[in-house]
Amino acid sequence: LPTSTVTVTPDSPVFTGETVNLKCVIKPDHSDWRYKWYKGSKVNNVMLKNSKHYTVNADTLTIKGVIASDQDQYWCRGHIDGRPKSLHFSSALHINVI
């Protein structure tokens, strides 16, 4: 089965006002992966969409101008269209904001 992790640049903790990039890394790599990004726990979460604050670009989530309420867990979901067994969830990455 694939393995996936979320990496963050710059490293947590991040400072208020910074721009943060999270990348969903799924191995083995496959050009057909489609990604969704989530904030919160696996039970209580919101799917992130493009806005003034968040930019979702395939495997990368950008948070512009980090604020205190961005401190939370982030995780990604990958799947390959037409292949339901490909659905894969990453482990959560917690971001600390200072």
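A quick note: this is a predicted structure, and the numbers were derived from the prediction, not measured.

Novice: Help me understand the pattern of salt bridges in this model?
Specialist: By the definition in use, this model includes two salt bridges. For Arg34, the salt bridge goes to Asp81, with nearest N and O atoms at 3.3 Å. With Arg34 in strand E3 (residues 33–40) and Asp81 in the loop between strand E7 (72–80) and strand E8 (83–89), this residue pair connects regions lying 47 residues apart in the sequence. A residue is classified by how much of its surface remains accessible, and Asp81, at 49% relative accessible area, is partly exposed.

Novice: It is not clear to me how the nonpolar core should be interpreted in this structure. Could you clarify?
Specialist: Soluble globular proteins: nonpolar side chains tend toward being buried together. Formed by 20 residues in total, the largest nonpolar core has its most connected members in Val20, Leu22, Trp37, Leu61, Ile63, Tyr74 and Ile95. Mapped by element, the contributors of at least two residues to this core are strand E1 (3–9), strand E2 (20–27), E3, strand E6 (60–63) and E7. Top element by residues in this core is E2. It accounts for four residues. Leave out the neighbours within four places in its chain, and Leu22 touches Val6, Thr7, Val8, Trp37, Asp59, Thr60, Leu61, Ile63, Tyr74, Leu93 and Ile95.

Novice: Looking at this structure, I do not really get unusual backbone geometry. What am I missing?
Specialist: The phi torsion of most residues other than glycine is negative, and most of the peptide bonds are trans. The step from Thr9 to Pro10 runs through a cis peptide bond, and the omega angle for that step is -10°. With respect to the element layout, Pro10 can be found in the loop between E1 and E2. Look at Ala58: it is not a glycine, yet its phi comes out positive at around 55°. Here Ala58 lies in the loop between strand E5 (54–57) and E6. Owing to a relative accessible area of 47%, Ala58 belongs among the partly exposed residues under this scheme.

Rules used throughout
Starting afresh in each chain, residues are numbered from 1 along the sequence in its written order. Only residues with pLDDT of at least 70 get local features here, since the model is predicted, and only at 80 or more are side-chain atom pairs given and counted; chain-wide, interface and lining totals rely on the full set of residues. Values shown for side chains rest on all heavy atoms present in the structure; no hydrogens or waters enter the calculation. Salt bridge, as used here: a side-chain nitrogen of Lys or Arg that lies within 4 Å of a carboxyl oxygen of Asp or Glu. Helix and strand labels come from DSSP, where a helix needs a run of H or I of at least four residues and a strand needs a run of E of at least two; each type is numbered from the N terminus. Residue burial is assigned from relative accessible area. The probe radius is 1.4 Å, only protein chains are included, and a residue is buried under 20% of its type maximum, exposed over 50%, and partly exposed in between. Here, nonpolar core refers to any group of buried Ala, Val, Leu, Ile, Met, Phe, Trp, Tyr and Cys residues whose side-chain atoms link them within 4.5 Å. For this analysis, residues touch if any pair of their heavy atoms sits within 4.5 Å.

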